[in-house]
Each structure stands twice: as C-alpha cells, then as structure tokens.
Amino acid sequence: MSSNRPTQGALCSNDSTTEGKPNGMDLTETPLLARETLHERFEVTEEFGFVSECPLTTLPEYFQPWTDIANNLQQLVLQKKIREAVEKLPLIDHNKLTTKAEWITAHMILAHIAQGYVWQNGEEGIPKVLPKSIAVPFHACSEYLQIPANMNNFNGVLVNWKLKDCNKAVNVENLDRITTLIGGDDEVWFFMVALMVEKKFGPALYAIADAQQAVSCQDDKKLESALRVIETAVHEMEEQLKRMKEGNDPSKFYDVIRPCLAGWNDPVFKKRGVDGLIYEGVSEKPISLPGGTSAESTTLSTLDAALGISHRPEDEIICEDFKKYMPPKHRELLIAVTKGPSIRKYVLTKRNPDLDAAYNGCLEAVKLFRNTHLQLVARYVIVPSRRNTSGQGRVFVGTGGTGFMQFLKGLRDSTLQAFIRKDPTDENFGIDGRKSSITSYRLLATAGVISVFGIACLAFFRKCR
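Source: prediction; values computed, not measured.

K.L.:
In this structure, what is going on with empty space enclosed by the protein? I would like to understand it.
P.N.:
In this approach the atoms are scanned with a rolling probe the size of a water molecule, which exposes any empty space left behind. The full count for this structure, using the stated rule, is 2 cavities of 30 Å³ or more. Empty space within the largest cavity amounts to approximately 910 Å³. Lining the largest cavity are 43 residues, with Phe190, Thr293, Ser294, Ala295 and His373 positioned closest to its centre. Among the elements of the structure, helix H8 (153-158), helix H9 (184-200), helix H15 (298-307), helix H16 (313-322), helix H19 (353-385) and helix H20 (404-417) are those that each provide at least two residues to the lining of the largest cavity. At 8 residues, H19 tops the list of elements feeding residues into the lining of the largest cavity. Here the residues of the lining of the largest cavity are counted per class, giving 24 nonpolar, 15 polar and 4 charged. Approximately 30 Å³ is the volume attributed to the second largest cavity. Lining the second largest cavity are Asn153, Phe154, Leu158, Glu296, Thr298, Tyr325, Met326, Pro327 and His330.

Rendered as structure tokens:
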C-alpha cells in the first residue's frame, strides 16, 4: 500500500520543503494522505464521506427468513410478536453470503432484529439469551467485518439507507431506511438527518488531506483554502443537524424510539442482575455491548484529530472506546490523520493572520455544531426526562449508554480552548478576536440565550443526585 503513496516531491508544487522548518517542525517524515487514494485506501468519497455510496438493499433468496422479519419488524415489535418469529427461525448458514456487500447488509438486518427481540417488552422482561438463529450469524458477520455485534452508527446510519426516488436528489425528504425498527416516519427522519450530517462531511474529509499536504509543503495559500472548505462543510453539517426538529417529535423519540436503541450495557440489565446478553452458540457468558450512538461516528473524531483539538483525559478514554465500533477502514483513516502533519502546530508557528483566521473559522464551525447538538439533546432527552418520574436515582445516559451530557459538554469546551488567540494572555478571545470561550458561554447563559438548556440540565442533575 505504501508503495502507491505519492512522494513528498510529487505532492509539492515548489521546493519549499527544502527550506527551514518552522521552529524545528518535522514536516517530511509523517505519513501523508492524498485525495487521489482516499477512496481506495479507506472506502470514503468526497460526495458521501464515510457513508456507503450504494448500500445493498436485499439479500439472496436463501436469506429470505431474515428479510421477512426485517421487512415487518415494526409491526412485529409493536404487536410483541418478534420473539415468537425469531424463535421459529432456522439456523441459516451465514457462509452462503458471498460478497462484502452481502455481509454488511446481513449485519445490518440482524442488528435490528436483535434490538427488536431484546426490547420488545421495554424494560420489563428483557431476555437473558439471544437465540442462536440470530446470535450465530450476527457474530459471524461481525467477525468478518471486524465490527462488534450490536446496533451501531455503521449499521444504523452509514449502510442503512436508500432513495425513495432514484431520479431525485439525495436529501432528507428523499431518503428512507432499508430496515426500520419501531418509530415509523419519526425514526426514519432521525436516522436520515444523521446520515445527511455524515454526507456533508465528505468535502471536509478530502480537504483535510489537502491541508496536511499543504502543511508538509509549507504552502500557506493551499492550507488556508483547505481550511475554508472544512469550515464550510462543518457549517453545512450543522444546518442538516438543525433539521432534526422538522420531522422528529421529541416525545415520540424519547418514549418510543430511544428505548429501543439501548444496548446490553443499559442500567436495566444490571438492575436485574444481568451483565449483558448471552449469544447462544457463541458464548456461555453474557456479552455487554452499548447501543447505537452518534459518538461512534468517525466524522467529529477526524475533525478533532485534524485540527489538533485535545480533550480531557476522561473524555479521551471514552472516545478511544468508541473507535471499536467504527469500520476498520475508517479507523485506519482516523489513525492516518492523527499521525499526519499537525495543522495546528504549523499554524501556531507561522503566525500568519490569514491562517489564524481560517483555522479559528474551523473551530468556530465545530463549536457551533457541538452547541447545536447539546441543544438537541436538551430538547429530545433532558426536557422529556423531567416528566418521567421512573428515572429517579438513575445516572442518565445517552442512546449508546454514555453519561452523555458531561461528555458532550467536555468536547465542546475542549473546542473552545483550542482557539488561537490574538492576545495569548487573554483566555476569552476566539475567532477574529470575538469572545468565544467558556467564559463567553457562561455570560450567554446568564443572559438567557441558552437558558432553557441550562435550566433543564441543572434541574435534571439536581434530581439525579
């Protein structure tokens, strides 16, 4: 693979790499990404980012018993008949899956059937065992794809979509899920907004490769241009995220959709003295796995790595754990970005006002995205939870099982700390000298700009204590 990687000289259009390195930075020994090879090496595209460009929507006829359940999953769950249907399934030979696309679609289908099987009756009567008719092939698919046997961002979003009308554009209104779980139109909207956020990251992903090449070549103009592309893409991601409220009712999400996305590490398992789910025919001991969560997405992790955003040690541990649920090629890309030339260090050493502004522009976009995410969490989880008395005494968790509010706020605050300040002694300056720090957010909250979110969080965490 490394033999196909463009050389330093091929990437740089001038001889600037032979000049002195800023402050002793080593710009030539780090591995370089090249936009020309990103698709081949990491299975990504500029148009779709980490999203699978053309997911397989059906399996061969031999696997029709799985497909029949998947196509009627919502009805089976609502009628509380999915366990009966699964227990009647024969043990189908997963080795008859012949292409990677088939293994991926099978993994996606089996993940949704498993979720429905476990959460058919809500928190009451959760099973201790996942039947071998699902557990064995699900585990086999996971081994083949090198991704855990649970519902995750990969099988929930990246490969679980299709166009309603192939002659129309790819947008939320024209997207549908290949396999749905329980929430109908609201569930589709929730996941397809997430998919569009991922898709809008595509140009930023390729611009990151351009930016690291520019750092290696010490090409300030090329770096500034690439940073502006990243900034624009992240703003477009945020605009897609804001659309969540257009087609996803908070009450339906909290009461109907969200509980069915929980994993086998949910507190309700421990409450019943169960450490997870036994995969019959795979393991005699319970397997504890989280549910699907956007924290498993490679997009924001890649942005953090590219922009040099460092998180608190406790948050880094969580982020590292989520990497296990990313597809191997995407993990490899994240590692390559992390090991590549440091955009942040280069900008800091150059002291170029235009680069400072472009870099801070990217951070501003990431900050706004994370703030919008926090506001949506308040709307869809925190506020509905205040009317739910059954949660008293529980440590509140996100869809994937994380203590998510503290985690998300920590990621946002790390982004604020990364701004390059015009006056290094002033901790409050961010992009172009505007107030853009944790202190600024406290002032905004006091002024009531995000008071609804703040009050909801304070009330909830006081109650949990």
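K.L.:
What should I look at first to understand the pattern of salt bridges in this one?
P.N.:
All chains considered together, the criterion is met by 20 salt bridges. The residue Asp210 makes a salt bridge to Arg35 at a minimum N-O spacing of 2.9 Å. A residue pair is termed long-range when its members are at least 10 positions apart, and Asp210 in helix H10 (residues 202-217) and Arg35 in the loop between helix H1 (8-11) and helix H2 (38-42) qualify at 175 residues. With a shortest N-O distance of 3.5 Å, Lys242 and Glu239 are connected by a salt bridge. Taken together, the residues span about one helical turn, with Lys242 and Glu239 both in helix H11 (residues 220-242) at a distance of 3 residues. Among the residues examined, Lys242 registers a relative accessible area of 38% and is labelled partly exposed. It is possible to trace a salt-bridge network through shared partners that takes in Arg35, Glu46 and Asp210.

K.L.:
Just to check I follow, could you spell out H11 for this structure?
P.N.:
One turn of an α-helix holds 3.6 residues; hence residues three or four places apart share an orientation. The end-to-end C-alpha distance of H11 is 33 Å, a good match for the 33 Å that 23 residues give at a rise of 1.5 Å each. Two or three places before Lys221, at the opening of H11, Asp219 has a side-chain oxygen 3.3 Å from that residue's backbone nitrogen.

Reading the values: rules and limits
- Along every chain, residues carry numbers that run from 1 in the direction the sequence is written.
- Residues qualify for local features only when their pLDDT is at least 70, as the model is predicted, and side-chain atom pairs are given and counted only at 80 or more; totals for whole chains, interfaces and linings, by contrast, use all residues.
- Where side-chain values are given, they derive from all heavy atoms of the structure, hydrogens and water being excluded.
- Two kinds of site are reported from a 1 Å grid over the protein atoms alone, namely cavities, where a 1.4 Å probe fits but cannot get out, and pockets, open sets with protein on both sides within 12 Å along at least five of seven lines, and residues are called lining when an atom falls within 4 Å of a point.
- Grid points are joined across faces, edges and corners, and a volume is the space filled by probe spheres set on the points.
- Where helices and strands are cited, they refer to DSSP runs of H or I of at least four residues and of E of at least two residues respectively, numbered from the N terminus.
- Under this grouping Gly is polar, as are all residues other than the nonpolar Ala, Val, Leu, Ile, Met, Phe, Trp, Tyr, Cys and Pro and the charged Asp, Glu, Lys and Arg.
- Here a salt bridge means any side-chain nitrogen of Lys or Arg lying within 4 Å of a carboxyl oxygen belonging to Asp or Glu.
- Residue burial is assigned from relative accessible area. The probe radius is 1.4 Å, only protein chains are included, and a residue is buried under 20% of its type maximum, exposed over 50%, and partly exposed in between.
- The span you would expect from a helix comes to 1.5 Å times its residue count less one.
- Polar contacts, as counted here, are pairs of nitrogen or oxygen atoms within 3.5 Å of one another; within protein the pair requires one atom able to donate a hydrogen and one able to accept it, and residues that are adjacent in sequence qualify only if both atoms are side-chain atoms.

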